[in-house]
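Listed here are the chains, written in short residue letters.
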Amino acid sequence: PSAMREVTLEVPKVNWEDIGGQKEVKNQLLEAVVWPQKHRDAFTRIGTDPPTAVLMFGPPGCSKTLMARAVASEAGLNFLAVKGPELFSKWVGESEKAVRSLFDKARANAPAIIFFDEIDSLAITRGKDGDGVSVSDRVMAQLLVQLDGVLKRVDVIVIAATNRPDKIDPALLRQGRFDRLLYVGPPNEIDREEIFSIHLRKTPYDSDVSMKELAQLTDGYTGADIAHICRQAALAALEESFDASVVTMKHFKMAIKQVQPSEFQSYQKLS
Ligand code: ATP
């Protein structure tokens, strides 16, 4: 079976409003991805190339994937997502071919975004096999060839994400490749308040529920943790009674006790 049938193509429906905080990252992505699509002529007129591939880095659960989907949605681009490790596990022996067909598919469906999640996984074993060229060396070489090929065109955009920027293969970071790095960090208190209201849009809650207080109680929690808290709070209300019509502050406090904050304190910010 063709490897590429497994990479689905879609135009995501994620709006900027679905992402709390991260104003700076949103602006940077608009500039790097949306502007060149919408104002191609202006770039030519002013005699400059649009920015190259974008690498988002930061701790898990802080909206990297969400961001990539929102930018595709905003610019009306087709979206092809692949996780680094999948290139090895799903298509054993065919990994290089999988990389090539991924880019072929993006070109055939341009304008499109290719989103590589966990891109660090492509570099881990590179060059450590001793003699001969390892599979990961060949996959990386193919990726670099393909990347350099599409970077010359505006209609195929490559975005990658990683939790481990220290593990990224330096060849990928070389000038003209992933040379736009965006740090997507954990939410501050104001961001958390926004994230709570986003995740509670469809949930009726009691008048005693204060988003501000919820934000204060969740220092150290990521966006993904907050989404989890909101689900747990709604479940707690239902556990109490299937007749429940609102989620109350008590349910949120129970949920916050249940959900441990993600450990991003140990995360090393790339300087
Ligand atoms: P990973 O590195 O684990 O892939 P990530 O940074 O890509 O993490 P996402 O997959 O984008 O994180 O986020 C996971 C979920 O957490 C989202 O689907 C969303 O429900 C919630 N979330 C995270 N950050 C935010 C945010 N800023 N606003 C709203 N929801 C958020």
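Quick caveat: nothing in here was measured; it's all calculated off a predicted structure. (Residues numbered from 1 in each chain as written. Predicted model: local features only at pLDDT ≥ 70, side-chain atom pairs only at ≥ 80, totals over all residues. Heavy atoms only, no water.)

Chemist: Explain the overall build of the protein chain here, please?
Modeler: Counting its regular elements, the protein chain contains eleven helices and six strands. The 271 residues of the protein chain split such that 46% are buried. Partitioning the contacts of the protein chain with sequence separation of at least 6, the portion at a separation of at least 24 is 80%. In the structure as shown, the protein chain presents an accessible area of about 13,800 Å², 51% of it carried by carbon and sulfur atoms. (Helix = DSSP H or I, 4+ residues; strand = E, 2+ residues; numbered from the N terminus. Buried < 20%, exposed > 50% of the residue type's maximum accessible area, 1.4 Å probe, protein only. Contact = heavy atoms within 4.5 Å. Areas by Shrake-Rupley, 256 points an atom, 1.4 Å probe, with all protein chains shown as cover.)

Chemist: Would you take a moment to explain the packing of aromatic side chains for this structure?
Modeler: Per the counting criterion, the structure on display carries three aromatic pairs. With a centroid separation of 5.4 Å and an interplanar angle of 45°, the aromatic rings of Phe57 and Tyr183 are classed as tilted. A residue pair is termed long-range when its members are at least 10 positions apart, and Phe57 in strand β2 (residues 53-57) and Tyr183 in strand β6 (residues 178-183) qualify at 126 residues. Where Phe103 meets Phe116, the ring centres are 6.2 Å apart and the plane angle is 35°; that geometry is what we call tilted. Of this pair, Phe103 sits in helix α5 (residues 95-108) while Phe116 is found in strand β4 (residues 112-117), placing the two residues 13 residues apart along the sequence. When its relative accessible area of 1% is taken as the criterion, Phe116 is described as buried. (Phe/Tyr/Trp six-rings, centres within 6.5 Å; stacked < 30°, edge-to-face > 60°.)

Chemist: Would you explain helix α10 (residues 223-240) in this entry?
Modeler: Each α-helix winds once per 3.6 residues, and so residues spaced three or four apart point in a common direction. For α10, which comprises 18 residues, the first-to-last C-alpha distance of 26 Å matches the rise-based estimate of 26 Å (1.5 Å per residue) to within 8%. When α10 is considered as a whole, its buried residues turn out to be Gly223, Asp225, Ile226, Ala227, Ile229, Cys230, Ala233, Ala236 and Ala237. Buried residues along α10 sit in contact with α8 (189-199) and α11 (249-258). (Expected span 1.5 Å × (residues − 1).)

Chemist: Which parts of the structure should I look at to understand the site of the ligand?
Modeler: Residues in close proximity to the ligand total 17 residues, the closest being Gly61, Lys64, Thr65, Asn163 and His199. One nitrogen or oxygen atom from the main chain of Gly20 is found 2.9 Å from a nitrogen atom belonging to the ligand. When isolated, the ligand has an accessible area of 630 Å², and the protein chains bury 78% of it. Counting atoms within 2 Å of the grid points, the majority share of the ligand lands in the largest pocket. Those elements giving two or more residues to the shell around the ligand turn out to be α3 (64-75), α8 and α10. Of the residues in the shell around the ligand, the class split is seven nonpolar, seven polar and three charged. (Near = heavy atom within 4 Å. Polar contact = N/O pair within 3.5 Å; in protein donor to acceptor, adjacent residues only side chain to side chain. 1 Å grid on protein atoms, 1.4 Å probe; cavity = no way out; pocket = protein on both sides within 12 Å on 5 of 7 lines; lining within 4 Å. Sits in = over half its atoms within 2 Å of the grid points. Nonpolar A, V, L, I, M, F, W, Y, C, P; charged D, E, K, R; others polar.)

Chemist: I tried to follow the pairing of strand β3 (residues 78-83) on my own but got confused; where do I start?
Modeler: Residues in a regular strand point their side chains to alternate faces of the sheet. With two bridges joining them, strand β1 (residues 9-10) and β3 adopt antiparallel strand pairing. Within β3, the position partnered with Glu10 by the bridge is Phe79. In terms of strand pairing, β3 meets β4 through six bridges, oriented parallel. Within β4, the residue paired with Phe79 across the bridge is Ile113. (Pairing = 2+ DSSP bridges.)

Chemist: Which parts of the structure should I look at to understand the side chain of Lys64?
Modeler: With respect to the helices and strands, the residue Lys64 is situated in helix α3. At a separation of 3.0 Å, a polar atom in the side chain of Lys64 contacts the main-chain carbonyl oxygen of Pro59. For Lys64, the side chain forms a polar contact with the side chain of Asn163, separated by 3.2 Å. Contacts of Lys64, omitting those with residues within four sequence positions, involve Met56, Phe57, Gly58, Pro59, Phe115, Ala161, Thr162, Asn163 and Val184.

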